[in-house]
Amino acid sequence: MTRRPTVLITGAARGIGAELARQATAAGARVALVGLEPERLAALAAELDGASWFECDVTDQAALSAAVEHTLAAHGAIDVVVANAGIANHGTVAVTPPESVVKVIEVNLLGVVRTVTATLPAITAGRGHYLLISSAAAFAMLPGLAPYAAAKAGVEQFANCLRLELAHKGVTVGSAHPIWIDTDMVRSLAADLGTFRDGLRRVPGPLGRTVSVEDCASALLDGITRRSRKVYVPRSVAVLSALRTLMLGPLADRMIMAQAKAMVPQFEAEVAASGRFFGSHSTALGGDDAR
C-alpha cells in the first residue's frame, strides 16, 4: 500500500491554512495542523481523516520542535511543509507600538525561518517540498503595511536562497504570493478601516477583488503537487511580480505619495477609533490596545 503523504501546515486553525488542510485531505494526503487555537485545531482534526494537531507558536523554536516530533510520531514522516502562519497590523509605524510592529515581523518572517529549521531534517530525509507563504506585498508598496511588506519580501528572498541551498539534496522550495484573500484578517481590515475599503475599490481589474479562501487553497495545493517555484493568487499577480521594478520605482513612489498625504492621516484616525492594532480575531496578541 502506498503511504499517504503528510503535509504539515502552520496557521492551520482558520482561513487559508484550514481550507488547504481540507483540500489536501480530500486529495489523499494526511495533514498535521499547527496553530494557536486548540479548540479550532481539534475540531478540524476530528473532521479530517487521519489528521493530527499540535498547539504551537511559530516564534517558539522549542514548541516547533515539539510539533515536529509529534507529527513524526503520528505519521512517520513529513513530506510537505506549508509555512502559512501570519498576521497583519492595523496602523502606520508612527502610531503603532514598537512591540506590535516587531510582532508582525517575528511571526511572518522569523516564524517561517523557525518553521523551516525545525522541519529541515525530516524534509531532507524524504526529499520533500516547502511552500513558504509570502504575499503580493513583497513587490508592491502601500502605506500602513510597512512591517507586513518587509516580512513578506523577506520570506520571498529566504525561499529563493533556500531553494538553491537545498536543490542538491532533492528538496524543492516554492513561495506563494496571494493578494486580498477573503480571510478573517482581510475582513477585519475592511470592517475597521474605510481607507482600506476605498483603496481596494481604486485598484483596477482582478487585483482589486478579494479571492475566496477555497480558490486560494486550490492554487496552493496545485503548487504543492507540481512543486512549483512560484504560486500567484490570483494568477494575474504574476504581472505585479514581473513589473516590480516599476511598482517600486520613483514614478509609483510619487503617485502613491500624492494619495498618501490625504489617506494616511485618515487611516491613522480610523486605527485610533478602532481601539486595536490587530484584527478582531487577533486580540490575544500583545500591543492591541490603540487607545
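1. Some points on helix α3 (residues 61–75)
- The end-to-end C-alpha separation of α3 is 21 Å, in line with the 21 Å expected for 15 residues at 1.5 Å each.
- Buried within α3 are the following residues: A63, L64, A67, V68, T71 and H75. All buried residues of α3 fall inside an arc of 145° around its axis, so they share one side. Exposed and oriented more than 90 degrees from the buried face of α3 are A62, E69 and A73.
- Buried residues along α3 sit against β1 (6–10), β2 (30–35), β3 (52–55) and α4 (98–125).
- Where α3 begins, one side-chain oxygen reaches toward the backbone nitrogen of A62, 3.1 Å away; that side chain belongs to D60.
- Remark: G76 follows α3 within two positions and exhibits a positive phi of approximately 85°.

2. Some details on the confidence of the model for the chain
- Per-residue confidence for the chain averages 89 on the pLDDT scale, and 90% of its residues sit at or above 70.
- Predicted confidence is poor over residues 283–291, with pLDDT under 50, and the contacts of this stretch with residues over four places away or in other chains come to 27 contacts.

3. As for the pairing of β2
- By the criterion of burial, β2 is predominantly enclosed, with six of the six residues buried.
- Alternating positions in β2 separate into two faces, R30, A32 and V34 on one and V31, L33 and G35 on the other, with burial throughout.
- In this sheet, β2 lies alongside β1 in parallel orientation, the contact comprising five bridges. Each residue of the ladder has a partner; that of I9, found in β2, is L33.
- This β-α-β element, β2 to helix α2 (residues 38–47) to β3, shows right-handed connectivity.

4. Examining the sheet that holds β2
- As summarised here, the arrangement of the seven strands in space is β3-β2-β1-β4-β5-β6-β7, forming an open sheet in which the pairing is parallel. Each of the sheet's edge strands pairs with one partner strand only, and the pair in question is β3 and β7 (230–233). Strand-to-strand twist of the sheet, defined as the mean angle between neighbouring strand axes without regard to direction, takes the value 15°.
- Relative to strand β4 (residues 80–83), β1 is paired through three bridges, and the arrangement is parallel. Note that in β4 the partner of V7 across the bridge is V80.
- Along the sheet, α2 contacts β2 and β3; its crossing angle with β3, the most-contacted strand, is approximately 175°.

5. Brief notes about a nonpolar patch on the surface
- A surface patch of nonpolar side chains, amounting to about 470 Å² of accessible area, comprises V239, L243, L246, L251 and M255.
- Its location among the elements puts M255 in helix α11 (residues 250–274).
- Taking relative accessible area as the criterion, M255 reaches 52% and is therefore assigned exposed.

6. Quick notes on the pattern of salt bridges
- Enumeration over the complete set of coordinates arrives at nine salt bridges.
- Here E37 makes a salt bridge to R40, at a shortest N to O gap of 3.7 Å.
- Sharing partners across several salt bridges, the network here consists of R14, E37, R40 and D184.

7. Side note on the pairing of β1
- Burial analysis of β1 places five of its five residues in the buried class, which makes it a mostly covered element.
- Judged by which residues are buried, β1 turns out to be covered on both faces: T6, L8 and T10 on one side and V7 and I9 on the other are all buried.
- For the crossover that starts at β1, traverses helix α1 (residues 15–26) and ends in the parallel β2, the hand is right-handed.

8. Points about unusual backbone geometry
- The step from V233 to P234 runs through a cis peptide bond, and the omega angle for that step is -5°.
- One can find P234 in the loop between β7 and α9 (237–242).

9. Points about the side chain of T10
- In this fold, T10 is placed in strand β1.
- The class of T10 is buried, set by a relative accessible area of 1%.
- A polar atom in the side chain of T10 sits 2.8 Å from the backbone nitrogen of N84.
- At 3.1 Å, the side chain of T10 forms a polar contact with the backbone nitrogen of A85.
- Setting aside anything within four residues of it in sequence, one finds T10 in contact with V34, V58, V82, A83, N84, A85 and T115.

10. As for empty space enclosed by the protein
- Taken as a whole, this structure holds one cavity of 30 Å³ or more when the rule is applied.
- Approximately 30 Å³ is the volume found for the largest cavity.
- Only α3 and α4 provide two or more residues apiece to the lining of the largest cavity.
- Looking at side-chain class alone, the lining of the largest cavity contains six nonpolar, two polar and no charged residues.

Rules behind the numbers
- Numbering of residues starts from 1 in every chain and runs along the sequence as written.
- It should be noted that, the model being predicted, local features are given only for residues of pLDDT at least 70 and side-chain atom pairs only at 80 or more, the latter also being counted only at that level, while totals for whole chains, interfaces and linings use all residues.
- Note: side-chain values were computed over all heavy atoms of the structure, leaving out hydrogens and water.
- We count a stretch as a helix when DSSP gives it H or I for four or more residues in a row; a strand needs E for two or more, and each element gets its number in order from the N terminus.
- A helix is expected to reach a length of 1.5 Å times the quantity of its residues less one.
- Think of it in three bands: residues with accessible area under 20% of the maximum for their type are buried, residues over 50% are exposed, and the middle band is partly exposed, with areas taken using a 1.4 Å probe on protein chains only.
- By definition, the arc is the one covered by directions from the helix axis to the C-beta atoms.
- Here a residue-residue contact requires only that any non-hydrogen atoms of the pair lie within 4.5 Å.
- Here a polar contact means two N or O atoms within 3.5 Å. Within protein one must be a hydrogen donor candidate and the other an acceptor candidate, and residues neighboring in sequence count only if both atoms are side-chain atoms.
- You can read pLDDT as the predictor saying how much it trusts each residue, on a scale of 0 to 100.
- Strand pairing is assigned whenever DSSP detects at least two bridges linking the two strands.
- By definition, the crossover connecting two strands over a helix is right-handed if that path, from the first strand to the second, turns clockwise as seen with the strands pointing away from the viewer.
- Interaxial angle, 0 to 180 degrees, is taken between N-to-C directions of lines fitted to C-alpha atoms, where a helix line uses only the stretch in contact.
- Two joining distances apply to patches: 9 Å for like charges and 5 Å for nonpolar side chains (Val, Leu, Ile, Met, Phe, Trp, Tyr), and every residue must have over 30% relative accessible area and no salt bridge.
- Per-residue and other accessible areas were derived by the Shrake-Rupley procedure at a 1.4 Å probe size, with only the shown protein chains allowed to occlude residues.
- For this analysis, a salt bridge means a side-chain nitrogen from Lys or Arg found within 4 Å of a carboxyl oxygen belonging to Asp or Glu.
- Note on definitions: the grid is 1 Å and covers protein atoms alone; a cavity is a set of points where a 1.4 Å probe fits but cannot get out; a pocket is an open set with protein on both sides within 12 Å along at least five of seven lines; lining residues have an atom within 4 Å of a point.
- Grid points are joined across faces, edges and corners, and a volume is the space filled by probe spheres set on the points.
- Note that Gly is not counted as nonpolar here; it falls among the polar residues with everything else outside the nonpolar set of Ala, Val, Leu, Ile, Met, Phe, Trp, Tyr, Cys and Pro and the charged set of Asp, Glu, Lys and Arg.

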